Amino acid sequence: MDGNNAIDRESTMSRAGEAKEEEYLVYRNPSEPVEARVSDLLSRMSLREKLGQMTQIDRSVADSAAIRDLCIGSVLNGGGTDGDAMNRASAADWADMIDAFQNSALQSRLGIPIVYAADAVHGHNSVYGATIFPHHVALGATRDPDLVRRIGAATALEVRATGVHGNFAPCVAVCRDPRWGRSYESFSEDTEIVRKMTSMVTGLQGSPPIGHPDGYPFVAGRKNVFGCAKHFVGDGGTHEGKNEGNTISSYHDLERIHLLPYLDCLSQGVCTVMASYSSWNGSQLHSHKFLLTDVLKDKLNFKGFVITDWEGIDRLSHPHGSNYRDCISASINAGVDMVMVPFRYKQFLEHLMHLVESGEIPMSRINDAVERILRVKFIAGVFEHPLTDRSLLDTVGCKMHRELACEAVRKSLVLLKNGKDPKKPFLPLDRNARKILVAGGHADDLGYQCGGWTISWQGSSGRITIGTTILDAIKATVGGKTQVVHEPSPSPATLADEDLSFAIVVVGEAPYAESHGDNAELKIPFNGTELINSVTERIPTLAILISGRPLVLEPEMLEKVDAFVAAWLPGTEGKGITDVVFGDYDFEGLLPVTWFKTVDQLPINAGHEPYDPLFPLGFGLRDTADV
């Protein structure tokens, strides 16, 4: 045991609070069974302490007094905003901040540690310099569950290095409509593909032993984090792809399409489940007792805790945040255990106390919620090791993880066209060509390449973190005598340059997250189609699309372009793209979703009749001989 760990253990075990010094405290003994420790600690807690454990607050309002005196159970960081002081903070700075929160919790009467949680949805994406992996839609294109497991394990290391204990991932939504602003958070429109990709749970948490009961939480050790299956349930099936919308279906279809991936998460010991903002047949999930309690907890035997989404209970009334006490009652009685408040926690606790004292929320419901929260805390090992393991700091953005991300990019690329003549494939490109034009605003924009949920919630443009843009990778790949001309919007003189061997045009979407990404038109922004057309008029062209979903591909453009690659949102490692387009690796990616011809067809999914897509689910030219 290193010195840091010894101090962790000693400081935790030495705090007896108000308990008598000679009293034996079962909950502090790691050799006791988890359930015995939960029962013992629960029996010692006041109502105020129990309600505090059910409360998750944002780091921006988490002061020492609140955490210590109110026995706050959890702290999180939201997606972040542009200009946030933590946007450029080092991993060590994050660890310092979280350890300070933890030390406040350890000073509480019973010394119950917090769990700190983050949305590390494609790597530890809030932390500058962390490895940013491709978003889920790209991983679905790989059809490689072991790759996804390894990404989960790498993410867990980088997350734990900063003191974070839990990750709000994976999203196991089955996206049935690309108009949905969270479509890139889904692995696929196909339930079976999503089910296979739940291997991320094992990557994050570790592999439970044979015979581990389904639904019972599991975390292997200090190099793992507890995961969160989200968003329960049906969020990918809302009418017209509206975020926070309404999924209209029978229970049979809800179970068959949207619920099955949760069974796979439960079988891997997922520790938490997040309720969805969306509704099922008009009833909001955050107050849906049948789905949260009768199905998830009772039928599926889930023993971890259910958490709300960000201000999820506020959305139970209109306008949001009104009738707050009624919203709290409806959500807790429905089966929510921890509430992501995240700001007005004093008001939340005041209302919750009144609801319990008045009998509107039974004490049995409070005890059940706190029991579940404590169970996850004991299983996650935070009582024994509450503070950060600084030996993991070197894993953040390390070479091994970036190579893994590069592998994921390579395997996720879907080749939609390769050559105008079936006998003359356009790819791979010649790395020793005399002169190459690189065009499009996405060619040298790391923020666009990573998409939403990168440093800030909505993502942004530019060198927002450390990584390799597609242009960087092209320059590093081509021969020493090859001239690379980079013009985001090529001038007429450039387009008339007869020395240009070929062009690489990189277009796509600006970053977005959640409702900001809802889009009924799905056109390539920034005049992307027009740019491709103008370049292909004069120069043989490979077009690369950076997007979180299929977009409209005009027939004229597809006919003109020589090759077309769907690169999704690849993250920080642009080299994965050049590895494939210049021929070091073959294309392997297969469409995880149906590529529509026009938005009038939406929603269109495999199995629908009629099914007349531009490219069907599973399409992908697999090597350079295919066209």
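Everything quoted here is computed from the prediction, not taken from an experiment.

About the thresholds
Here the residue numbers are simple positions, counted from 1 along each chain's written sequence. Predicted model: local features are reported for residues with pLDDT of at least 70 only, side-chain atom pairs are reported and counted for 80 or more only, and whole-chain, interface and lining totals are derived from all residues. Computation of side-chain values covers all heavy atoms of the structure but excludes hydrogens and water. Lines fitted to C-alpha atoms define the axes here, with helix axes fitted over just the stretch in contact, and angles between the N-to-C directions of these axes take values from 0 to 180 degrees. Going along the chain from the N terminus, every DSSP run of H or I of four or more residues is numbered as a helix, and every run of E of two or more is numbered as a strand. Angles are sorted into four bins: roughly parallel if under 35 degrees, roughly antiparallel if over 145, roughly perpendicular if 65 to 115, and oblique for all others. For any pair of crossing helices, the crossing counts as left-handed if the nearer helix is rotated counterclockwise from the farther one by less than a right angle, and right-handed if it is rotated clockwise. Only heavy atoms matter for contacts: two residues are in contact if any of them lie within 4.5 Å across the pair. Following the grouping adopted for this structure description, the nonpolar residues are Ala, Val, Leu, Ile, Met, Phe, Trp, Tyr, Cys and Pro, the charged ones are Asp, Glu, Lys and Arg, and the polar ones are all others, Gly among them. For our purposes a nonpolar core is just a set of buried Ala, Val, Leu, Ile, Met, Phe, Trp, Tyr and Cys residues, chained together by side-chain atoms within 4.5 Å. With a 1.4 Å probe rolled over the protein chains alone, any residue whose accessible area is under 20% of its type maximum counts as buried; one over 50% counts as exposed, and the rest are partly exposed. By definition, two strands form a pair when at least two bridges between them are found by DSSP. For a helix, the expected span equals 1.5 Å multiplied by the number of residues minus one. When the strands point away from the viewer and the path from the first strand over the helix to the second turns clockwise, the crossover is right-handed. The salt bridge definition used is simple: a Lys or Arg side-chain nitrogen within 4 Å of an Asp or Glu carboxyl oxygen. Values of pLDDT, which run from 0 to 100, indicate the predictor's confidence residue by residue.

Q: How would you summarise the packing of helix α10 (residues 251-267) against helix α11 (residues 289-299) if you had to cite specific residues and measurements?
A: Contact pair α10 / α11: the axes reach a minimum separation of 12 Å and the direction vectors enclose 50°. Comparing the axis directions of α10 and α11 gives the class oblique. Viewed along their axes, α10 and α11 form a crossing whose handedness is right-handed. Where α10 abuts α11, its residues Tyr-251, Leu-254, Glu-255, Leu-259 and Leu-266 lie against Phe-290, Leu-291, Val-295, Leu-296 and Lys-299. Here the residues of the contact of α10 with α11 are counted per class, giving eight nonpolar, no polar and two charged.

Q: Please give an account of the nonpolar core that cites residues and values.
A: Counting 121 residues, the largest nonpolar core has Leu-41, Phe-232, Ile-332, Phe-348, Leu-352, Ile-366 and Leu-374 as its most contacted members. Sorting elements by how many residues they give to this core places helix α14 (residues 363-380) first, with nine residues. For Leu-374, the contacting residues outside a window of four places in its chain are Val-38, Leu-41, Leu-42, Met-45, Gln-53 and Ile-112. Ranked by size, the runner-up nonpolar core spans 73 residues in total, among them Val-121, Val-438, Ile-504 and Leu-591.

Q: Account for the sheet that holds strand β17 (residues 563-568), naming residues and giving values.
A: Pairing in this open sheet of six strands is mixed, and the strands run β12-β17-β16-β15-β13-β14 from one edge to the other. Two strands in the sheet have a free side with no partner beyond their single neighbour: β12 (414-418) and β14 (483-487). Across the sheet, the mean angle from the axis of one strand to that of its neighbour is 15°, orientation sign disregarded. Summarising the sheet, strand β13 (residues 435-439) and β14 pair through five bridges and their orientation is parallel. Paired with Ala-439 across the strands is Glu-487, a residue of β14. This element, helix α19 (residues 528-536), spans β13, β15 (502-508), β16 (541-546) and β17 of the sheet and lies at about 175° to β15.

Q: Tell me what's going on with the environment of Gly-548, and back it up with residues and numbers.
A: Note on placement: Gly-548 falls in the loop between β16 and α20 (555-560). Between the C-alpha atom of Gly-548 and that of His-135, which follows or precedes it by 413 residues, the distance is 7.9 Å. Leave out the neighbours within four places in its chain, and Gly-548 touches Val-137, Ser-183, Tyr-184, Glu-509, Tyr-512 and Leu-569.

Q: Got a sec to walk through helix α13 (residues 345-357)? Specific residues and values, please.
A: Between its first and last C-alpha, α13 extends 18 Å over 13 residues, near the 18 Å set by a 1.5 Å rise per residue. Within the span of α13, buried status applies to Tyr-345, Phe-348, Leu-349, His-351, Leu-352, Met-353, Leu-355 and Val-356. For α13, the elements touching its buried residues are α3 (47-53), β1 (55-58), α4 (64-70), α12 (324-334), β11 (339-340) and α14. At the exit of α13 stands Gly-359, carrying a positive phi of roughly 90°.

Q: Which residues make up the pairing of strand β2 (residues 74-77), and what values go with them?
A: Here β2 shows no split at all, with Ser-74 and Leu-76 on one side and Val-75 and Asn-77 on the other all buried. Here three bridges tie β1 to β2, and the two strands are oriented parallel to one another. Bridge pairing links Gln-56 to Ser-74 in β2. In the classification by handedness, the crossover that spans β1, the intervening α4 and the parallel β2 is right-handed. Direction of pairing for β2 relative to strand β3 (residues 115-118): parallel, over a ladder of four bridges. In the sheet register, Asn-77 faces β3, and the bridge partner there is Ala-118. Running through helix α5 (residues 91-106), the crossover from β2 to the neighbouring parallel element β3 is right-handed.

Q: For the pattern of salt bridges, give the residues involved together with the corresponding values.
A: Using the criterion set out here, one finds 44 salt bridges in the structure. Glu-255 serves as the salt-bridge partner of Lys-299, at 3.1 Å between the closest nitrogen and oxygen. In this pair, Lys-299 is assigned in helix α11 and Glu-255 in helix α10, connecting sequence segments 44 residues apart. Using a relative accessible area of 51% as the deciding quantity, one classes Lys-299 as exposed. Ionic pairing is found between Asp-579 and Arg-410, a salt bridge with its closest N-O pair at 3.1 Å. Taken together, the positions of Asp-579 in helix α21 (residues 575-581) and Arg-410 in helix α15 (residues 399-412) put the pair 169 residues apart, joining distant regions of the chain. Accessibility assignment for this pair places Asp-579 and Arg-410 in one class, buried. Overlapping salt bridges bring together Asp-144, Asp-146, Arg-149, Arg-150, Glu-407 and Lys-411 as one network.

Q: How would you summarise the sheet that holds β11 if you had to cite specific residues and measurements?
A: In spatial order, the strands read β4-β3-β2-β1-β11; together these five strands make up an open sheet with parallel pairing. Among the strands making up the open sheet, the edge pair consists of β4 (166-167) and β11.

Q: Break down the confidence of the model for the protein chain for me, citing the residues and quoting the values.
A: Low-pLDDT portions of the prediction should not be read for the details of their coordinates. For the protein chain, per-residue confidence averages 95 on the pLDDT scale, and 96% of positions sit at 70 or higher. Across residues 9-21, where pLDDT falls below 50, the model places 18 contacts with residues more than four positions away in sequence or in other chains.

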